[in-house]
Amino acid sequence: MSQPTPEVYEQGKGMDAHNRAMREIRARREESYDPHEPTRVWVDEDNTPGGVMESLTIILNTGGCRWARAGGCTMCGYVAESVEGGSVSHDALMDQIQVCLDHEAEEADEPADLIKIYTSGSFLDEREVGARSRKAIADAFADRERIVVESLPDFVEREKIADFTGHGLDTDVAVGLETATDRVRQDCVNKYFEFADFEDACAEAAVADAEADATAGIKAYLLMKPPFLAEPEAVADMISSIERCSEVPGCHTVSMNPCNVQRYTMVDDLHFRDGYRPPWLWSVAHVLEETADADAIVVSDPVGHGSDRGAHNCGECDDRVQTAIKDFDLRQDPSVFEQVSCDCEATWDAVMSLETGYNQPLVR
């Protein structure tokens, strides 16, 4: 892993202690990665403002998130999968794109209409993906209908979005907002920006949308149950955050991601010491039910569902609840949750009534 450089978003923001702890945790990493191979690639389907689409999801292997190298978010281990040295060449990035296209040709009957591109940080940060590479990737997918790229709000600029909309590609920028509550974002997630910065990114996307024939908008990524929040606090924060995001012009989709336990993170250290439990799948279902009328597409994809390190219930009902969540994502119909039940709902009800920040996790 490259040497962290506190370059320093953190100065004067009261985040120094979190960042020192995170740098020590991340320094334990020993793995290395091939800059010519993507981190992951898969074919799926997603709900978009243009309807349900077949999708090709790409996680590019880059030099890693600059905020993570300063310390970074308490739950995010993706930087541990980044390339040693802090940067990846244009040619290596294009090799990764070709690997993804080859995978699609093998796994899909036809090219996907939707392309989703993520990195271990921000696709629009030119330290991770340079302007030349960004434009070449836009060219490579110019014949598709829609593209999603991920970025922190700092790097969302109408000119960068225009590289994609200029090809007629409907373009969504996925922003890792995590929560609409600034206190939770700073103290629990250790993320440096404020909700107002997210609103500014939405405004940039709205301008790009107005200036192009293709559409441009923001997909907000929220984090359910960061460390230090009890289950009922996390649920209330997600309901409030979804409602606030859906009211921001330019934000058309909210993806609520239940926190999972990733290696080389503060959450991992807490979980190992019985100080953290990922959210209940019942909590995910409850939030989706409560926000079904929000003026946005609201989806969730619990990573590692049913495992000790991912969102889970009792183990008996996890797959059924996950299926209902996936069904909701595609149809936006909260009645799907009426079709699943389990005795462990009583335990979840007790957790929602009794768990506090002083006694959590109440159960594992």
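Everything here concerns the structure above.
The rules we used
Along each chain, residues carry numbers from 1 onward, in the same order as the chain's sequence is written. For a predicted model such as this one, the threshold for reporting local features is a pLDDT of at least 70, and the threshold for listing and counting side-chain atom pairs is 80 or more; totals across whole chains, interfaces and linings nevertheless cover every residue. Heavy atoms throughout the structure, all of them, feed into the side-chain values; hydrogens and water do not. Here a strand is any run of E in DSSP of at least two residues, a helix any run of H or I of at least four, and the numbering for each starts at the N terminus. Radius of gyration here is computed from C-alpha atoms only, and the compact-globule reference equals 2.2 Å multiplied by the residue count raised to the power 0.38. We call a residue buried when its accessible area falls under 20% of the maximum for its residue type, exposed when it is over 50%, and partly exposed in between, using a 1.4 Å probe and counting protein chains only. Contact definition: two residues touch when any of their heavy atoms are within 4.5 Å. Two residue types count as positive, namely Lys and Arg, and two as negative, namely Asp and Glu; His and chain ends fall outside the count. Where a charge lies is defined by one atom per residue type: Lys uses NZ, Arg uses CZ, Asp uses CG and Glu uses CD. Residues enter a nonpolar core if they are buried and are Ala, Val, Leu, Ile, Met, Phe, Trp, Tyr or Cys, with the set joined through side-chain atoms within 4.5 Å. Here a Phe, Tyr or Trp ring, Trp counted by its six-membered ring, pairs with any other such ring whose centre lies within 6.5 Å, and the pair is stacked when the planes are under 30 degrees apart, edge-to-face when over 60, and tilted otherwise. Note on criteria: charge over ring means Lys NZ or Arg CZ within 6 Å of the ring centre, with the direction from the centre no more than 35 degrees off the ring normal. Pairing between strands is defined by DSSP: at least two bridges between the two strands are required. Any cysteine sulfur atom paired with another within 2.5 Å is treated as part of a disulfide.

## Some thoughts on the overall build of the chain
Step number 1: When you go through the chain residue by residue, the secondary structure sums to 12 helices and eight strands.
Step number 2: Rg of the C-alpha trace for the chain: 20 Å, near the compact-globule value of 21 Å for 364 residues, within the 12% margin.
Step number 3: Along the three orthogonal principal directions, the C-alpha set of the chain runs to about 55 × 45 × 40 Å.
Step number 4: Put simply, the chain has 364 residues, and 56% of those count as buried.
Step number 5: The contacts of the chain with a sequence gap of at least 6 include a subset with a gap of at least 24, amounting to 75%.
Step number 6: Counting 32 positive and 72 negative side-chain charges, the chain places the averaged centre of each group 7 Å from the other.

## Considerations on the nonpolar core
Step number 1: Counting 89 residues, the largest nonpolar core has Ile-58, Ile-117, Phe-123, Phe-198, Cys-245 and Trp-282 as the members making the most contacts within it.
Step number 2: Among residues more than four places away in sequence, those in contact with Trp-282 are Asn-313, Cys-317, Val-321, Val-340, Ser-341, Cys-342, Cys-344, Glu-345 and Trp-348.
Step number 3: Grouped together as the second largest cluster of nonpolar side chains are seven residues, Ile-59, Leu-114, Val-148 and Ala-174 included.

## Quick look at the packing of aromatic side chains
Step number 1: Applying the stated criterion to the full structure yields six aromatic pairs.
Step number 2: For the ring pair Phe-123 and Phe-164, a centre distance of 6.1 Å and an interplane angle of 50 degrees mean the geometry is tilted. Of this pair, Phe-123 sits in the loop between strand 3 (114-118) and helix 4 (131-140) while Phe-164 sits in helix 5 (residues 158-165), and the two are 41 residues apart along the sequence. Across the pair, Phe-164 and Phe-123 agree in class, each one buried.
Step number 3: One aromatic cluster in this structure is built from Trp-67, Tyr-192 and Phe-193.
Step number 4: For Lys-225, the ring lying beneath its charged end belongs to Tyr-276, and the centroid distance is 5.8 Å.

## Quick look at the pairing of strand 3
Step number 1: With five of five residues buried, strand 3 lies mostly within the body of the structure.
Step number 2: Both faces of strand 3 are covered, namely the face carrying Leu-114, Lys-116 and Tyr-118 and the face carrying Ile-115 and Ile-117.
Step number 3: Pairing analysis gives five bridges linking strand 2 (residues 51-59) to strand 3, with the strands arranged parallel. Opposite Ile-59, over in strand 3, you have Tyr-118 as the bridge partner.

## So, the state of the cysteines
Two cysteines, two sulfur atoms, one covalent bond between them: this is a disulfide.
Step number 1: Scanning the entire structure with this criterion turns up zero disulfides.
Step number 2: Just so you know, Cys-188 is unpaired, no disulfide at all, and the nearest cysteine sulfur is the one on Cys-259, 11 Å from it.
Step number 3: Here Cys-245 stays free of any disulfide, with the sulfur of Cys-251 as its closest cysteine sulfur at 5.2 Å.
Step number 4: Of the residues examined, Cys-245 reaches a relative accessible area of 0% and is grouped as buried.

## A closer look at the environment of Pro-249
Step number 1: With respect to the helices, strands and loops of the structure, Pro-249 is situated in the loop between helix 8 (231-246) and strand 7 (251-258).
Step number 2: Given the relative accessible area of 65%, Pro-249 is considered exposed.
Step number 3: Pro-249 sits 79 residues away from Phe-328 along the chain, and the two C-alpha atoms are 24 Å apart.

Fair warning: the whole summary comes from geometry, so function is off the table for now.
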